[in-house]
Amino acid sequence: MQARLALTQVRQLTKTVSLARNEAGVSYLVVERDNSEAIISLYGAHLIHYAHARQPWLWLSQSAKLDGTRPIRGGVPLCWPWFGPSPERVGLGKPQHGFARTSTWTLDGISEEADNTLLHLSLRDNAQTLATWPHPFELELDVRVGDELTMMLTTRNTGSTPLVYSGALHSYLQTQAPELVKLAGLGSRYIDRLQDGANIEQSGFTLDKAVDRTYTAPSAHIIDIETGHTSLKLDNHQADSVVVWNPWKEGAATMADFDDDGWKEMICVETAITDPAGITVDPDEEHTFGFILSQKA
Ligand code: BG6
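All of the points below concern the structure found in this document.

### Some words on the overall build of the protein
Phase 1: Secondary structure summary: the protein contains two helices and 24 strands in total.
Phase 2: Taking 2.2 N^0.38 as the reference for a compact globule, 297 residues should give roughly 19 Å; the C-alpha atoms of the protein span a radius of gyration of 18 Å, in line with that estimate.
Phase 3: The C-alpha extent of the protein, read off along each of the three principal axes, is 50 × 45 × 35 Å.
Phase 4: For the protein, the residues scored as buried account for 53% of the 297 residues in total.
Phase 5: A fraction of 61% describes how many contacts in the protein between residues 6 or more apart in sequence connect residues 24 or more apart.
Phase 6: Of the roughly 12900 Å² that the protein leaves accessible, carbon and sulfur atoms contribute 47%.

Shown next as structure tokens:
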């Protein structure tokens, strides 16, 4: 993966983490453990690769732009402080999925735990974010890499008025073939963006066409995912919904950074906060949501 990304090591930071750069000068954190590996771009605090026992769990488009000029297609983009098109409360026409995924984050620290590597990254309001969204904030991402992959995003309100946000950890999972994909635990209610936001009641899931759905009542904790390569479980924490997306052939063809055949080997299962009311965080308070992705026993 490092060769594919043309990364050059800058320096070893800890036993398992090194800092690397690509040709465009974008910094990456490379985590190498005995049984797991991960790569995080500081542009977007974007986890672009995680593999367990040499098996990648995340999909990254071969044609993803990795030069810091646009959101990265694949891995786990952070959608924040809104999910999808900007809501009315923010002002229409602002960047889709917010600006966390196109901001440059700071590495605050690395903890070498017995069985995991824990990376702490952060983003604070700055002139650019305030021009788009006038709220002081501190955002913290914890990524724990080991036999499981944990990502937790904490929003802290450092301003003096309530902060309202929505978002998603927009995971692109690597799959083998659409017909082998199985998802369980999504619940039976979803909003279908491909049917003008219709509310649908239907249980069971088959991937045989484009899907862009927000499941609004997923099972409390665990979503079972069969990718064809492996069986995973996604344990969501303080999210109100799960978004499932695959653009299929026609949709992929409209995106320059989406390989033409990429839709055959991915599915997005996103840990999301999509309630239009959002989450309100009072001054000096914080709110965390995220997931644990692990192999099913
Ligand atoms: C999904 C949305 O979460 O993200 C889709 O439900 C959207 O509607 C997709 O097309 C990709 O968004 P983007 O901005 O990364 O192209």
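Now that the structure has been shown, we can carry on.
### Focus on the side chain of N246
Phase 1: In this fold, N246 is placed in strand β21 (residues 241-246).
Phase 2: Here the side chain of N246 touches M266 through a polar contact of 3.0 Å, landing on its backbone oxygen.
Phase 3: Those residues in contact with N246 that lie beyond four places of it in its chain are L207, A210, V211, W263 and M266.

### Thoughts on the nonpolar core
Here is a general trend for soluble globular proteins: nonpolar side chains tend to be buried in one another's company.
Phase 1: By size, the foremost hydrophobic cluster in this structure holds 68 residues, and its most contacted members are W105 and M151.
Phase 2: Discounting chain neighbours no more than four positions away, the residues touching M151 are L47, V76, L78, L141, D142, V143, L169, F289, G290 and F291.
Phase 3: Of all hydrophobic cores here, the second largest spans 13 residues; its members include A20, V26, Y43 and L66.

### Observations regarding the sheet that holds strand β10 (residues 137-145)
Phase 1: Strand order in the open sheet formed by eight strands is β8-β9-β10-β11-β24-β20-β19-β15, and the pairing between neighbours is antiparallel. Bordering the open sheet on either side are β8 (106-112) and β15 (182-184), each of which pairs with just one other strand. Pairs of neighbouring strands in the sheet enclose a mean axial angle of 15°, with direction left out of account.
Phase 2: Pairing geometry for strand β20 (residues 231-237) and strand β24 (residues 286-295), over six bridges, is antiparallel. Along β24, the bridge assignment pairs N236 with F291.

### Let's talk about the sheet that holds strand β1 (residues 8-12)
Where strands meet in a sheet, backbone hydrogen bonds hold them as pairs that are either parallel or antiparallel.
Phase 1: Spatial ordering of the open sheet is given by β1-β2-β3-β4-β5-β6, a layout of six strands whose pairing is antiparallel. Each of the sheet's edge strands pairs with one partner strand only, and the pair in question is β1 and β6 (55-56).

### Comments concerning the side chain of E138
Phase 1: In this fold, E138 is placed in strand β10.
Phase 2: Among the residues examined, E138 registers a relative accessible area of 15% and is labelled buried.
Phase 3: At 3.2 Å, the side chain of E138 forms a polar contact with the side chain of R124.
Phase 4: Here the side chain of E138 touches R156 through a polar contact of 2.5 Å, side chain to side chain.
Phase 5: Residues in contact with E138, not counting those within four places in the same chain, are L123, R124, T154, T155, R156 and T158.

### Quick notes on the site of the ligand
Phase 1: Taken together, R73, F83, Q96, H97, R101, H170, R193, D212, V243, W245 and E270 form the complete shell of residues around the ligand.
Phase 2: Interatomic distance of 3.2 Å between a side-chain N/O atom of H97 and an oxygen atom of the ligand.
Phase 3: The separation between an oxygen atom of the ligand and a polar side-chain atom of H170 is 2.8 Å.
Phase 4: Burial of the ligand by the protein amounts to 82% of the accessible area it has alone, namely 390 Å².
Phase 5: Cavity membership is defined here by more than half of the atoms lying within 2 Å of grid points; on that basis the ligand lies in the largest pocket.
Phase 6: Classifying every residue of the shell around the ligand by side-chain character gives three nonpolar, three polar and five charged.

### Focus: unusual backbone geometry
Among all residues except glycine, the phi angle is most often negative; among peptide bonds, the trans geometry is most common.
Phase 1: Following W80, the chain continues into P81 via a peptide bond in cis, with omega recorded as 5°.
Phase 2: In this structure, P81 sits in the loop between β7 (78-79) and β8.
Phase 3: Positive phi is not limited to glycine here, since A6 has a value of about 50°.
Phase 4: Along the chain, A6 falls in the segment before β1.

Parameters at a glance
- Residues numbered from 1 in each chain as written.
- Predicted model: local features only at pLDDT ≥ 70, side-chain atom pairs only at ≥ 80, totals over all residues.
- Heavy atoms only, no water.
- Helix = DSSP H or I, 4+ residues; strand = E, 2+ residues; numbered from the N terminus.
- Rg over C-alpha atoms; globule rule 2.2 N^0.38 Å.
- Buried < 20%, exposed > 50% of the residue type's maximum accessible area, 1.4 Å probe, protein only.
- Contact = heavy atoms within 4.5 Å.
- Areas by Shrake-Rupley, 256 points an atom, 1.4 Å probe, with all protein chains shown as cover.
- Polar contact = N/O pair within 3.5 Å; in protein donor to acceptor, adjacent residues only side chain to side chain.
- Core = buried A, V, L, I, M, F, W, Y, C linked by side-chain atoms within 4.5 Å.
- Pairing = 2+ DSSP bridges.
- Axes fitted to C-alpha atoms, helices over the stretch in contact; angles between N-to-C directions.
- Near = heavy atom within 4 Å.
- 1 Å grid on protein atoms, 1.4 Å probe; cavity = no way out; pocket = protein on both sides within 12 Å on 5 of 7 lines; lining within 4 Å.
- Sits in = over half its atoms within 2 Å of the grid points.
- Nonpolar A, V, L, I, M, F, W, Y, C, P; charged D, E, K, R; others polar.

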